[in-house]
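A structural walkthrough
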Amino acid sequence: MKIAIDISPTKNAHSGRGIGVYTKNLLEAFSLCAKDHQFIPYTYPDAVPSDVDVVHIPYFEPFFLTLHVPKNIPTVVTVHDLIPLSNPDLFSIGIRGKLKWFVQRAKLHRASRILTDSYASQGEITRLTGISKQKIAVVYPAPHDQYFRKINPADILRIKKKYHITGNYFLYVGDVNANKNIVRLLKAFGGVSGIHATLVLVGRAFLDTHLPESQEIERTIQLLSMGSAVRRLGYVDTGDLCALYKGSTGYLQPSIAEGFGLPPLEAMASGAVVAVSGISSLKEIAGPSYTFDPYSVSDMTDAMKKMMNLSKRERTACIDKNREWASTFSWKKTVHETVSVYAAASSSDKI
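Here the residue numbering is sequential within each chain, running from 1 through the sequence in written order. Thresholds applied to this predicted model are a pLDDT of at least 70 for local features of residues and 80 or more for the giving and counting of side-chain atom pairs; totals over whole chains, interfaces and linings are not thresholded and use all residues. Side-chain numbers here rest on the full set of heavy atoms in the structure, without hydrogens or water.

1. Some thoughts on the packing of aromatic side chains
Applicable threshold: Centres within 6.5 Å are what make two rings of Phe, Tyr or Trp a pair, Trp counting through its six-membered ring; a difference in plane orientation under 30 degrees is then read as stacked, over 60 as edge-to-face, and the rest as tilted. Helix and strand assignments come from DSSP, with helices taken as H or I runs of at least 4 residues and strands as E runs of at least 2, each series counted from the N terminus. Each residue is assigned to one of three classes by its accessible area relative to the maximum for its type, calculated with a 1.4 Å probe on protein chains only: buried under 20%, partly exposed between the two thresholds, exposed over 50%.
All told, the structure shown has 13 aromatic pairs when counted by the stated rule. A centroid spacing of 5.7 Å and a plane angle of 40° characterise the contact between Tyr-140 and Phe-260, whose relative ring orientation is tilted. One end of the pair, Tyr-140, is in the loop between β6 (136-138) and α5 (153-162); the other, Phe-260, is in the loop between β10 (250-253) and α9 (262-270), with 120 residues separating them in the sequence. Ring geometry for Tyr-140 against Phe-329: centres 5.7 Å apart, planes inclined by 55°, an arrangement best described as tilted. Note that Tyr-140 is positioned in the loop between β6 and α5 and Phe-329 in the loop between α12 (312-326) and α13 (331-346), a separation of 189 residues in sequence. For Tyr-140, a relative accessible area of 24% corresponds to the partly exposed category. An aromatic cluster of three or more residues is present, and its members are Tyr-119, Tyr-140, Phe-260, Trp-325 and Phe-329.

2. A look at a nonpolar patch on the surface
The cut-off we apply is this: Exposure above 30% relative accessible area and the absence of a salt bridge qualify a residue for a patch, where like charges join within 9 Å and nonpolar side chains (Val, Leu, Ile, Met, Phe, Trp, Tyr) within 5 Å. Note that accessible areas follow from Shrake-Rupley with a 1.4 Å probe, and for residues the cover is restricted to the protein chains shown. For this document, the term salt bridge refers to a Lys or Arg side-chain nitrogen within 4 Å of an Asp or Glu carboxyl oxygen.
On the surface, Leu-65, Phe-102 and Val-103 cluster together into a nonpolar patch covering about 280 Å² of accessible area. Within the secondary structure layout, Leu-65 lies in the loop between β3 (54-57) and β4 (75-78). The exposure class of Leu-65 is partly exposed, given its relative accessible area of 43%.

3. A short note on the pattern of salt bridges
Pairing of side chains with opposite charge becomes possible as their charged atoms draw close. Under the definition given, this model contains six salt bridges. Here Asp-51 makes a salt bridge to Lys-2, at a shortest N to O gap of 3.4 Å. Here Asp-51 is found in the loop between β2 (38-42) and β3, whereas its partner Lys-2 is found in strand β1 (residues 2-6), with 49 residues between them in sequence. A relative accessible area of 23% places Lys-2 in the partly exposed class. Note that Lys-180 and Glu-258 form a salt bridge whose closest N and O atoms lie 2.7 Å from each other. Of this pair, Lys-180 sits in the loop between β7 (168-173) and α6 (182-189) while Glu-258 sits in the loop between β10 and α9, placing them 78 residues apart in sequence. By relative accessible area, Lys-180 is classed as buried at 12%.

4. Quick word on the sheet that holds strand β8 (residues 197-202)
Basically, it comes down to this: By this definition, two strands are paired if DSSP reports at least two bridges between them. Axis geometry follows a simple rule: fit a line to the C-alpha atoms, using only the stretch in contact for helices, then measure angles between N-to-C directions, giving values from 0 to 180 degrees. Contact definition: two residues touch when any of their heavy atoms are within 4.5 Å.
As summarised here, the arrangement of the six strands in space is β9-β8-β7-β10-β11-β12, forming an open sheet in which the pairing is parallel. Edge strands, defined here as strands with exactly one partner in the open sheet, are β9 (230-234) and β12 (290-292). Geometrically, the sheet is characterised by an average inter-axis angle of 25° between neighbouring strands, direction not taken into account. Here β7 pairs with β10 via two bridges, running parallel. Within β10, the residue paired with Phe-170 across the bridge is Gly-250. Packed on one face of the sheet, helix α8 (residues 238-247) meets β7, β8, β9 and β10 and runs near 130° to β7.

5. Quick notes on the packing of α8 against α9
Describing two packed helices takes the angle between their axes plus the distance from one axis to the other. Quick reminder of the rule: Note that the term roughly parallel is reserved for angles under 35 degrees, roughly antiparallel for angles over 145, roughly perpendicular for angles of 65 to 115, and oblique for everything else. Each residue gets one label: Ala, Val, Leu, Ile, Met, Phe, Trp, Tyr, Cys and Pro are nonpolar, Asp, Glu, Lys and Arg are charged, and the others, such as Gly, are polar.
Two elements in contact, α8 and α9, have axes separated by 8 Å at closest approach and are oriented at 75°. Between α8 and α9, the interaxial angle falls into the category roughly perpendicular. Here Leu-241, Cys-242, Tyr-245 and Lys-246 of α8 come into contact with α9, specifically with Pro-263, Glu-266, Ala-267 and Ser-270. Here the residues of the contact of α8 with α9 sort into five nonpolar, one polar and two charged.

6. Topic: the pairing of strand β5 (residues 113-116)
Within a regular beta strand, the side chains point alternately toward one face of the sheet and then the other, so they alternate between its two faces. Neither face of β5 is exposed, since Arg-113 and Leu-115 on one face and Ile-114 and Thr-116 on the opposite face are all buried. Of the strand pairs in this sheet, β4 and β5 are connected by three bridges, and their pairing is parallel. Within β5, the residue paired with Thr-78 across the bridge is Leu-115. In terms of strand pairing, β5 meets β6 through three bridges, oriented parallel. Paired with Thr-116 across the two strands is Val-138, which belongs to β6.

7. Digging into the nonpolar core
To be explicit about the condition: Nonpolar core, defined: a set of buried Ala, Val, Leu, Ile, Met, Phe, Trp, Tyr and Cys residues in which side-chain atoms within 4.5 Å join the residues together.
Membership of the largest hydrophobic core comes to 84 residues, with the highest contact counts inside it found for Phe-170 and Phe-189. Considering every element that reaches this core, the biggest residue donor is α13, with six residues. Among the nonpolar cores identified, the runner-up in size contains 24 residues, and Val-55, Phe-63, Ile-73 and Ile-114 belong to it.

And the structure:
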């Protein structure tokens, strides 16, 4: 097959975020695992290349008019999640947002097939758009192979020194959006900070003082008198992140809602103990990790204490199980399933 793929997320503000990472990893995996097919990159709003069998748009923005579904070419659209729409109490959409969503939703109905990252997202897409589940294929992303590499203690010490981290620390990697539940995470950490641990927050948005969410995080840190007990690192490259995952007392994903949740699997692959929210897509990918109620500060605190109090033998067993679970997700499998969706979209089988 000849597939045109929109690589806009690798060129714009999404390049370092989930959509951009997904697109970059997908392109890399195609070059390694799908050599029988030809992939032609283009960038929205440039014209879609002609003479292709299928078009893949690997992102969907409900409140921006960026979806372009060609009339005469089978098209696959990846919808990672519709979290702002399924959680209106957390996000203010506004009149303009609602109008743009109406347009984007109508365009989405014209797609031949839809890809999404989890069964949780599949259900939300059907509920919010009316599109049949039979038209929506669930294909899990995966941690990049770099996260499975062996990390020695010297690397961990070097990276901790680079970021001025001492002693035990819990780790979170991601954004600051309301669904990420960072304020409750801070409050939960307040219940364990007395035993000389640090909370390390990784992500560009933590250093963006113009964001209302980042401002609220700063106010919470000040209110709880956490000071240096919370470290905000901003962006961290993959090599350093592997060591931060591995060296942590535990990785935490406290989200109220996720379309998938790649950092927990990256942490498991790197050899970390992991605790995640037991709802949304996270319960699909939690595997042997600890789970907690994201609405309960005390439950989250208890999960941290469990990770802190693991014996060496228990920690090793937990890490081994986590790495084994993470290895069941692979980009080779993702590519194989994605290409199958392309084939379905380009066939005469219409849903």
